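So you can see what is in the structure, the chains are spelled out below.
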Amino acid sequence: QVQLVESGGGSVQAGGSLRLSCAASGSISSINVAGWYRQAPGKQRERELVAVITSGGTTNYADSVKGRFTISRDNAKNTVYLQMNSLKPEDTAVYYCFSGSNYWGQGIQVTVSS
């Protein structure tokens, strides 16, 4: 059983940066797809897929974050990262990491003020 724990969230002003980390308690090297979703305030039934990365390093991003966010993974450390630059108020959300289809983190708050 793999458990995922997110860290690195918080509050920043628009234009600032944050780096989210998602540490797995077990190995994720064999899990092909990992990434991040987010759920904005007031949108309890909508989760936006923010970024994904395969075990081979292929990445894909939501149009809303392209050019500002970068996803990476370190299989040796069983960790997936999300570097978020040029943050906007509309990036405010709870961010959830996932690994494969079965493993999810508890979510971490990111708040961007204007």
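Our subject in this report is the structure included herewith. Remember, predicted model here, so these are calculated numbers, not experimental data.

Cut-offs used in this document
Residues numbered from 1 in each chain as written. Predicted model: local features only at pLDDT ≥ 70, side-chain atom pairs only at ≥ 80, totals over all residues. Heavy atoms only, no water. Helix = DSSP H or I, 4+ residues; strand = E, 2+ residues; numbered from the N terminus. Buried < 20%, exposed > 50% of the residue type's maximum accessible area, 1.4 Å probe, protein only. Salt bridge = Lys/Arg side-chain N within 4 Å of Asp/Glu carboxyl O. Pairing = 2+ DSSP bridges. Axes fitted to C-alpha atoms, helices over the stretch in contact; angles between N-to-C directions.

1. Focus on unusual backbone geometry
At step 1: Residues other than glycine seldom take positive phi values, yet Asn78 does so here, at roughly 55°.
At step 2: If you trace the backbone, Asn78 turns up in the loop between β7 (69-74) and β8 (79-84).
At step 3: A relative accessible area of 17% places Asn78 in the buried class.
At step 4: Backbone geometry places Ser86, a non-glycine residue, at a positive phi of 50°.
At step 5: With respect to the secondary-structure elements, Ser86 resides in the loop between β8 and β9 (93-99).

2. Observations concerning the pattern of salt bridges
Charged atoms that come close allow side chains of opposite charge to pair.
At step 1: The full count for this structure, using the stated rule, is four salt bridges.
At step 2: Salt-bridge contacts for Arg38 lead to Asp91; the nearest nitrogen and oxygen are separated by 2.9 Å. Of this pair, Arg38 sits in strand β4 (residues 33-39) while Asp91 sits in the loop between β8 and β9, and the two are 53 residues apart along the sequence.
At step 3: By relative accessible area, which is 1% here, Asp91 ends up buried.
At step 4: A salt bridge links Arg68 to Asp91; the shortest N-O distance between them is 2.7 Å. On the criterion of sequence distance, the pair formed by Arg68 in the loop between β6 (59-61) and β7 and Asp91 in the loop between β8 and β9 is long-range, its members being 23 residues apart.
At step 5: We classify Arg68 as buried; its relative accessible area is 10%.
At step 6: When salt bridges that share partners are traced, they join Arg38, Glu48, Arg68 and Asp91 into one network.

3. Examining the sheet that holds β7
At step 1: Spatially, four strands are ordered β1-β3-β8-β7 in an open sheet, and the strand pairing comes out antiparallel. Each of the sheet's edge strands pairs with one partner strand only, and the pair in question is β1 (4-7) and β7. Neighbour to neighbour, the strand axes of the sheet diverge by 15° on average, direction disregarded.
At step 2: Bridge count for β7 against β8 is six bridges, and the pairing is antiparallel. The residue bridging Phe69 from the neighbouring strand is Met84, located in β8.

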